[in-house]
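# Per-entry structural report
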Amino acid sequence: MSVCFICLICSLSFCIFPLSLYLPLSLSLSLPLSHTPSVAVKESQLEKVVRVTSDGMLHSPGFPHTYPRSTDLVWRLVAAEENSRIQLTFDPRFGLEDPEDGVCKYDYVEVEEPTEGTVLGRWCGSQAAPSMHVSKGNQVRIRFMSDEYFPSEPGFCIHYTLLQQVFPSPLLPPQSVEALGELVAGFSTVEELFKYLEPDRWQLDLEELYTPTWQVLGKSFFHQKKARGMVDLNLLRDEVRLYSCTPRNLSVSVREELRRTDAIFWPSCLLVKRCGGNCSCCSNRCYDCHCTPTRVAKKYHEVLMLKLRPGGRGPQKSLTDVPLEHHEECSCVCKNDSD
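Residues numbered from 1 in each chain as written. Predicted model: local features only at pLDDT ≥ 70, side-chain atom pairs only at ≥ 80, totals over all residues. Heavy atoms only, no water.

If you walk across this open sheet you meet the four strands as E2-E9-E4-E7, and the pairing is antiparallel. Looking along the sheet, the strands with just one partner apiece sit at the ends: strand E2 (56-59) and strand E7 (133-134). Sheet analysis places E2 next to strand E9 (residues 157-163), joined by four bridges and oriented antiparallel. Within E9, the position partnered with Leu58 by the bridge is Ile158. (Pairing = 2+ DSSP bridges. Helix = DSSP H or I, 4+ residues; strand = E, 2+ residues; numbered from the N terminus.)

If you want it as structure tokens, here you go:
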């Protein structure tokens, strides 16, 4: 009786245990395993290296429509020449998942400087597209991440442009002032500009640039607001005069104001006070009334000036005072009476 009971147990064990226990090891490993749930974000794939030889673009999958969930994409843009730079311009159509407490945690696009290991910025949400960026080296890394929730649209699109070094060698000076001007306009700080022009000694050049000199600078312009009184008819009239024809901020091109064609200035534009506004209440008998400056002052602004040197290694850099015209008082002047 005991023998039969043991046989029964053995026969049942053969039915209960998986078949893989009775197969060779190589065959049992090839059987399908149980499904494991996917994580919120896929593991980062190998970054895609893009050789930048001309203009191009990269974008989130499906741009300008909804991008997929659980995405991790990395691009490394590499310029062939070490002294070249890469300019990134975001498409105005920009929209990713909104940040949480002001931090882009879930869906975002990130720009990093691989050579320095610094993150230039991380953006998300539906605010205005990020501003233009110029790499400090010849490489830039761009990463796009999305989690498994709330994909948005239209995603992002980045246009990249190759910026060739203006001075590839001491024997090849730049070809034109205009080319230098286009390059200078692409930098947001003077430090970035100097790093590009003089990678080996840019810090020394900055120290020399800001060395105090015995130069006479123009006085600063101060605009004093009148104290407010009681609301009456005179005050109403003064308010009209205050906002009709008055000195107001206006951005002007330094080169155009000075009529200089042999140099580039940084910053290229400055704020000045110029007369502006209408003259609707000039005179009942005046048919041609203009807002005209009645007191003008010349004020000095310290800027960086770059001038080309024939046969030189790079441009001549110096701080200089540029005189610009400021309008201090304005008045509505009738140019043509009732003729």
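Let us keep going from here.
This part covers the packing of helix H4 (residues 190-197) against helix H5 (residues 202-209). Two quantities define a packed helix pair, namely the angle between the helix axes and the distance between the axes. Interaxial distance between H4 and H5 falls to 8 Å at its minimum, and their mutual angle equals 125°. Our classification of the angle between H4 and H5 gives oblique. Judged by the twist between their axes, the crossing of H4 over H5 is right-handed. The residues of H5 that touch H4, namely those facing Val190, Glu191, Phe194 and Lys195, are Trp202, Asp205, Leu206 and Leu209. When its residues are assigned to classes, the contact of H4 with H5 shows five nonpolar, no polar and three charged. (Axes fitted to C-alpha atoms, helices over the stretch in contact; angles between N-to-C directions. Parallel < 35°, antiparallel > 145°, perpendicular 65-115°, else oblique. Left-handed = near helix turned anticlockwise from the far one by under 90°. Contact = heavy atoms within 4.5 Å. Nonpolar A, V, L, I, M, F, W, Y, C, P; charged D, E, K, R; others polar.)

Sheet architecture is open: five strands sit in the order E1-E3-E8-E5-E6, paired in mixed fashion. Either end of the sheet is taken by a strand with one partner, and the two such strands are strand E1 (48-52) and strand E6 (118-123). Going across the sheet, the axis of each strand differs from the next one's by a mean of 20°, ignoring polarity. The pairing of strand E5 (residues 108-113) with strand E8 (residues 139-146) spans five bridges and is classified as antiparallel. Across the sheet, residue Val109 finds its bridge partner in E8, namely Phe144.

Tallied over the full model, the rule gives 13 salt bridges. For Glu100, the salt bridge identified is with Lys105, shortest N-O distance 3.2 Å. Notably, a salt bridge pairs Arg141 with Glu112, separated by 3.1 Å at the nearest N-O pair. Residue Arg141 is found in strand E8, and its partner Glu112 is found in strand E5; the two are separated by 29 residues along the sequence. In this pair, the class of Arg141 matches that of Glu112, namely buried. One connected set of salt bridges, linked through shared partners, spans Glu47, Arg76, Glu112 and Arg141. (Salt bridge = Lys/Arg side-chain N within 4 Å of Asp/Glu carboxyl O. Buried < 20%, exposed > 50% of the residue type's maximum accessible area, 1.4 Å probe, protein only.)

Next up on the list: the packing of aromatic side chains. In this description, a pair of aromatic rings is defined by centroid distance and the angle of the planes. Counting across every chain of the model gives six aromatic pairs. Ring plane angle 55° and centroid distance 5.4 Å describe the contact between Phe144 and Phe156, whose orientation is recorded as tilted. Placement of the pair is Phe144 in strand E8 and Phe156 in the loop between E8 and E9, with a sequence separation of twelve residues. By the burial criterion, Phe144 is buried, and Phe156 matches it. Taking the centre distance of 6.2 Å and the plane angle of 40° together, the rings of Tyr149 and Phe150 count as tilted. The partly exposed category is assigned to Tyr149, whose relative accessible area is 47%. For Phe150, a relative accessible area of 61% puts it in the exposed group. Ring pairs connect the aromatic residues Tyr67, Trp75, Phe144 and Phe156, which therefore count as one cluster. Positioned above the aromatic ring of Tyr108 is the side chain of Arg122, whose terminal nitrogen or guanidinium carbon lies 3.9 Å from the ring centre. (Phe/Tyr/Trp six-rings, centres within 6.5 Å; stacked < 30°, edge-to-face > 60°. Lys NZ or Arg CZ within 6 Å of the ring centre and 35° of its normal.)

Before going further, it helps to spend a moment on the side chain of Asp147. Summarising the element assignment, Asp147 is placed in the loop between E8 and E9. Put simply, Asp147 is tucked away with no salt bridge, and the nearest opposite charge, on Arg69, sits 7.0 Å away. Polar side-chain contacts of Asp147 include one of 3.1 Å to the backbone nitrogen of Tyr149. (Lys, Arg positive; Asp, Glu negative; His and termini not counted. Polar contact = N/O pair within 3.5 Å; in protein donor to acceptor, adjacent residues only side chain to side chain.)

Taken by themselves, the reported measurements are silent on function.
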